[in-house]
Amino acid sequence: MSKSLTLAEVAAHDREDDCYLIIGNERTGGAKVYDVTKYLEDHPGGDAVLLELAGKYADDMFEDIGHSTNARQALKEFLVGTLNATEEELASLRAPAHTGNGDSFLLVAVAGALLAAVGGYFVFTA
C-alpha cells in the first residue's frame, strides 16, 4: 500500500541516487510522490530535467511538456504515495502566473540589440 509523505520527507530525496518528484494536481487526482531514480537514464528528455526538480513539485513542468497517455501510465510504476500537504502548501508550490523576474525584458533587449546590429550591417554595407 502506498504511504503519505510530507514536503520535508520528499525534499530529502533530491539526489541522482535518490530522486523523488511530486506530480499531480486536483484535475489528475491530487499530488502524488514518485521515485524516478531508476528511470533517470531512460527519460527521453534526459536526466538533467528530472534532477533539476528532484525532491520538489514537478507537476507544472510535467503538464507543460504535454506527456502522452503512455507516459502517464508508465509513471504509475514509480508511485511511492500521496503528498500530505495543506492547501496553502500546495498553492505555494504551484508556478505563479507571472514571476516578474525580468526575464522577458532581458529577452526583448537582446532581440532589439541583435536587430539593430543586423540593420546597421545592411545600412553600412549597401
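*Asks:* What am I meant to see in the overall build of the chain here?
*Replies:* Counting its regular elements, the chain contains six helices and six strands. Secondary structure elements of the chain, listed N to C terminal, follow the sequence β-α-β-β-β-α-β-α-α-β-α-α. Within the chain, buried positions represent 26% of all 126 residues. Put simply, 65% of the contacts in the chain that link residues at least 6 apart link residues at least 24 apart.

*Asks:* What am I meant to see in the pairing of strand β4 (residues 32–35) here?
*Replies:* On a regular strand, each side chain points to the face opposite its neighbour's, so the side chains alternate between the two faces of the sheet. Examined bridge by bridge, strand β3 (residues 18–23) and β4 share four bridges and lie antiparallel to one another. Across the sheet, the residue bridging to tyrosine 20 is aspartate 35, located in β4.

*Asks:* Sorry, what's going on with the environment of arginine 15 here?
*Replies:* Structurally, arginine 15 is set in strand β2 (residues 14–15). A relative accessible area of 40% means that arginine 15 is categorised as partly exposed. The contact partners of arginine 15, leaving out residues within four places of it in the chain, are Leu51 and Ala54. Side chain to side chain, arginine 15 and aspartate 17 meet in a polar contact 3.2 Å long.

*Asks:* Quick question: what am I supposed to make of a nonpolar patch on the surface here?
*Replies:* Together, Val49, Met61 and Ile65 make up a nonpolar patch on the protein surface, roughly 240 Å² of accessible area in all. Note that valine 49 resides in helix α2 (residues 47–52).

*Asks:* Would you take a moment to explain the pattern of salt bridges for this structure?
*Replies:* Pairing between side chains becomes possible if they bear opposite charge and their charged atoms approach one another. Enumeration according to the criterion identifies three salt bridges in this entry. For aspartate 17, the salt bridge goes to arginine 15, with nearest N and O atoms at 3.2 Å. What makes aspartate 17 exposed here is its relative accessible area of 59%. Close ionic contact of arginine 72 with glutamate 63 constitutes a salt bridge, the shortest N to O distance being 2.9 Å. Take arginine 72: its relative accessible area is 30%, and that puts it in the partly exposed class. Through salt bridges with shared partners, one network takes in Arg15, Asp17 and Asp18.

Rules behind the numbers
Residues numbered from 1 in each chain as written. Predicted model: local features only at pLDDT ≥ 70, side-chain atom pairs only at ≥ 80, totals over all residues. Heavy atoms only, no water. Helix = DSSP H or I, 4+ residues; strand = E, 2+ residues; numbered from the N terminus. Buried < 20%, exposed > 50% of the residue type's maximum accessible area, 1.4 Å probe, protein only. Contact = heavy atoms within 4.5 Å. Pairing = 2+ DSSP bridges. Polar contact = N/O pair within 3.5 Å; in protein donor to acceptor, adjacent residues only side chain to side chain. Patch = residues over 30% accessible without salt bridge, like charges linked within 9 Å, V, L, I, M, F, W, Y side chains within 5 Å. Areas by Shrake-Rupley, 256 points an atom, 1.4 Å probe, with all protein chains shown as cover. Salt bridge = Lys/Arg side-chain N within 4 Å of Asp/Glu carboxyl O.

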